[in-house]
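# Commentary on secondary and tertiary structure
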Amino acid sequence: MKVTFFGIGYVGLVQAAVLADAGHDVMCVDVDERKIENLKNGIIPIYEPGLTPIVEHNHSEGRLHFTTDSKEGVAFGELQFIAVGTPPDEDGSADLKYVLTVAETIATHMTSRKIIVDKSTVPVGPADKVRDKVTEVLSSRGADIECHVVSNPEFLKEGAAVADCTKPDRIVVGTDSDYVEEIMRDLYAPFNRNHDRVIVMDIRSAELTKYAANCMLATKISFMNEMSNIAERLGADIEAVRHGIGSDSRIGYSFIYPGCGYGGSCFPKDVQALIRTTDGIGYDAEILRSVESVNYRQKEKLFDKIQRHFDGDLQGKTFAVWGLSFKPNTDDMREAPSRVLMEALWNAGARVQAFDPEAMNECQRIYGQRDDLTLMGTAETALKNADALVTVTEWQQFRAPDFDLIKNSLSTPVIFDGRNMYNPKRLAKQGITYYSIGRPA
Ligand SMILES: NC(=O)c1ccc[n+]([C@@H]2O[C@H](COP(=O)([O-])OP(=O)(O)OC[C@H]3O[C@@H](n4cnc5c(N)ncnc54)[C@H](O)[C@@H]3O)[C@@H](O)[C@H]2O)c1
């Protein structure tokens with residue numbers, strides 16, 4: 001099938017590449033000229049495990065094309081995917097301007113039937129806005145061309161996006177048209193060999209499904225962080241509690257890790273956007289508001305512990321920070337807890353020596369050159385003469401470090417661990433002062 005993607009970011013590029021790998025012919029359109037030029041030359045703009053070979057392979061085989069020419073993109077596929085960003089507006093609601101711009105572009109150039117597939121995360125209702133925009137533009141052109149709008153939210157996880165797209169848990173399709181349902185089933189048939197993963201529903205339910213999924217996951221994280229704060233005050237160990245509750249099959253082990261808060265491009269903005277949606281319909285989303293405020297507080301947790309340890313005097317101190325991305329296996333630093341931590345340290349007059357396996361370029365792009373930030377080539381060099389080590393992202397390579405080396409490199413042997421990666425007893429024996437989340441100090 002011929003498919004066009006508008007928006008070649010973390011979602012668009014992965015989905016486009018995976019569809020091309022299954023044999024579809026996919027055109028990728030982005031307004032970012034540098035990104036498209038790089039992709040044409042085999043330079044992949046994001047770090048995502050397993051993505052590079054499938055992009056390179058399908059591009060060279062002629063099934064994956066890149067362009068900035070939106071007219072070419074509209075002419076290419078009957079299926080027109082919208083995978084542009086939906087960042088928070090000033091009031092926290094989802095900003096639909098990029099989605100509506102693409103809808104307008106499609107309506108401006110289309111000369112034959114199109115199916116507009118909304119893959120961007122949008123609050124309930126925007127499919128109507130997309131349809132209205134298309135109708136408005138088509139009528140201003142005096143054109144009468146069939147156009148459908150379908151909701152097909154994306155559930156991939158950064159860091160495991162390729163696997164999530166090739167073996168999705170579910171493929172949600174929101175449509176009221178049998179024709180569109182059939183086309184969408186054909187498109188995704190290569191991913192349904194094992195069992196049918198397509199779940200068809202009305203458009204509004206599909207849109208809400210995406211928000212409900214992210215809000216549920218964010219709720220699990222904030223709930224566990226709340227428990228960790230309670231455990232800390234009661235002298236209990238949240239890791240023992242985690243094992244204790246995870247063994248209950250109704251609860252399960254996934255997504256109940258305490259830590260220094262959730263970040264990324266999805267949970268913070270989607271929780272916020274659903275709260276804003278409920279404001280507009282006269283419903284007070286108490287749980288969601290608490291999920292958000294617990295998370296804000298949790299992101300300050302590491303800094304609070306650091307400040308307490310150093311009696312509020314951080315002026316001139318240096319901190320080794322391990323992990324900048326919002327989670328392992330990605331270079332994405334959007335809303336990352338590392339940013340809250342580093343900015344608080346800088347405000348208090350401290351310096352940061354940071355290392356991340358993949359997010360160093362992104363960190364440089366965000367913060368530029370500054371005297372109080374040094375990006376180090378390795379985790380070990382980041383420790384040199386620092387007053388403490390702070391671990392923020394649980395990359396695999398940070399899980400079993402050389403504690404002798406840490407102790408000898410730091411000017412005072414202290415670790416603040418935002419992800420509970422280490423054994424407190426082992427570190428006590430080693431003579432390292434260890435702070436973690438929700439465990440007795
Ligand atoms: N990142 C995730 O893990 C994830 C997971 C599921 C859903 N989503 C949702 O998917 C959507 C996209 O997220 P993302 O992380 O891929 O965003 P992103 O910021 O990585 O990529 C968006 C891309 O759209 C491009 N763009 C903007 N306007 C355009 C236009 N008019 N025409 C063509 N391209 C245009 C940008 O240049 C950018 O390359 C969002 O709604 C997000 O909430 C993201």
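That block above? That's the structure.
Residues numbered from 1 in each chain as written. Predicted model: local features only at pLDDT ≥ 70, side-chain atom pairs only at ≥ 80, totals over all residues. Heavy atoms only, no water.

## Some details on the layout of surface pockets
Of the pockets and cavities examined, the second largest pocket occupies roughly 150 Å³. Lining the second largest pocket are Ala231, Glu232, Gly235, Ala236, Lys305, Arg308, His309, Tyr435, Ser436, Arg439, Pro440 and Ala441. Sorting the residues of the lining of the second largest pocket by element identifies α9 (203–234) and α13 (301–309) as the ones contributing at least two each. With three residues, α13 is the single largest residue contributor to the lining of the second largest pocket. Taken together, the residues that form the lining of the second largest pocket break down as five nonpolar, three polar and four charged. (1 Å grid on protein atoms, 1.4 Å probe; cavity = no way out; pocket = protein on both sides within 12 Å on 5 of 7 lines; lining within 4 Å. Points joined across faces, edges and corners; volume = space filled by probe spheres on them. Helix = DSSP H or I, 4+ residues; strand = E, 2+ residues; numbered from the N terminus. Nonpolar A, V, L, I, M, F, W, Y, C, P; charged D, E, K, R; others polar.)

## Description of the packing of aromatic side chains
We describe a pair of aromatic rings using the distance from one ring centre to the other and the angle between the two ring planes. A full pass over the atoms with the stated rule returns twelve aromatic pairs. On the numbers, 5.9 Å between centres and 80 degrees between planes, the contact of tyrosine 262 with phenylalanine 267 is edge-to-face. The class for tyrosine 262 is buried, based on a relative accessible area of 5%. We classify phenylalanine 267 as buried; its relative accessible area is 13%. Here the aromatic cluster, defined as three or more aromatic residues joined through ring pairs, consists of Phe310, Phe319, Phe416 and Tyr435. (Phe/Tyr/Trp six-rings, centres within 6.5 Å; stacked < 30°, edge-to-face > 60°. Buried < 20%, exposed > 50% of the residue type's maximum accessible area, 1.4 Å probe, protein only.)

## With respect to empty space enclosed by the protein
Summed over all chains, the structure comprises one cavity of 30 Å³ or more. Considered as a void within the structure, the largest cavity measures approximately 40 Å³ in volume. Surrounding the largest cavity, Asp118, Ser120, Thr121, Val122, Ser151, Asn152, Pro153, Ala206, Glu207 and Lys210 form its lining. At three residues, the largest contribution of residues to the lining of the largest cavity is made by α9.

## Some remarks on the packing of α9 against helix α10 (residues 238–246)
Between α9 and α10, the shortest axis-to-axis distance is 9 Å and the interhelical angle comes to 135 degrees. If you check the angle between α9 and α10, you find them oblique. When the axes of α9 and α10 are compared, the crossing they make is right-handed. The segment α9 lies against α10, with Met224, Met227, Ser228 and Ala231 engaging Ile238, Arg242 and Ile245. The residue inventory of the contact of α9 with α10, partitioned by class, reads five nonpolar, one polar and one charged. (Axes fitted to C-alpha atoms, helices over the stretch in contact; angles between N-to-C directions. Parallel < 35°, antiparallel > 145°, perpendicular 65-115°, else oblique. Left-handed = near helix turned anticlockwise from the far one by under 90°. Contact = heavy atoms within 4.5 Å.)

## Topic: helix α8 (residues 178–188)
Burial in α8 covers these residues: Val180, Ile183, Met184, Leu187 and Tyr188. Looking straight down α8, one finds its buried side chains confined to an arc of 125 degrees; they lie on one side. Relative to its buried face, α8 has exposed residues pointing more than 90 degrees away, namely Asp178 and Glu182. Buried-residue contacts for α8 involve β1 (2–6), α1 (10–21), β4 (79–82), β5 (114–118), β6 (147–151) and β7 (171–174). A side-chain oxygen of the first residue of α8 lies 3.2 Å from the backbone nitrogen of tyrosine 179; this N-cap is serine 177. (Arc of directions from axis to C-beta. Polar contact = N/O pair within 3.5 Å; in protein donor to acceptor, adjacent residues only side chain to side chain.)

## Concerning the sheet that holds strand β11 (residues 373–375)
Taken in spatial order, the six strands line up as β11-β10-β9-β12-β13-β14 in an open sheet, and their pairing is parallel. Each end of this open sheet is capped by a strand with a single partner; those strands are β11 and β14 (433–435). Going across the sheet, the axis of each strand differs from the next one's by a mean of 20 degrees, ignoring polarity. The strands touched by helix α14 (residues 337–347) within the sheet are β9 (318–322), β10 (351–355), β11 and β12 (388–391), with β10 carrying the most contacts at an inclination of about 155 degrees. The strands touched by helix α15 (residues 360–367) are β10 and β11; relative to β11, the strand with the most contacts, the crossing angle is about 155 degrees. (Pairing = 2+ DSSP bridges.)

## Focus: the site of the ligand
Around the ligand sit 26 residues in total, of which Asp30, Lys35, Thr86, Glu158 and Lys269 are the nearest. Here glycine 7 contributes a backbone N or O atom positioned 3.4 Å from a nitrogen atom of the ligand. In the model, a nitrogen atom of the ligand is placed 2.7 Å from a nitrogen or oxygen of the glutamate 158 side chain. Among the secondary structure elements, those contributing two or more residues to the shell around the ligand are α1 and α5 (97–109). Grouping the constituent residues of the shell around the ligand by class yields eleven nonpolar, seven polar and eight charged. (Near = heavy atom within 4 Å.)

## Quick look at the pattern of salt bridges
Tallied over the entire structure, the rule returns 24 salt bridges. For arginine 185, the salt bridge goes to glutamate 181, with nearest N and O atoms at 3.0 Å. With arginine 185 and glutamate 181 both in helix α8, this residue pair falls four residues apart, about one helical turn. Judged by relative accessible area, which is 29%, arginine 185 ranks as partly exposed. Relative accessible area serves as the criterion here: at 23%, glutamate 181 is assigned to the partly exposed category. (Salt bridge = Lys/Arg side-chain N within 4 Å of Asp/Glu carboxyl O.)

## Overview of unusual backbone geometry
Backbone geometry at aspartate 311 places phi at a positive 50 degrees, although glycine is not the residue there. Examined against the element boundaries, aspartate 311 turns out to sit in the loop between α13 and β9. Classification of aspartate 311 as exposed rests on a relative accessible area of 71%.

Shape is all these values report; function is a separate question.
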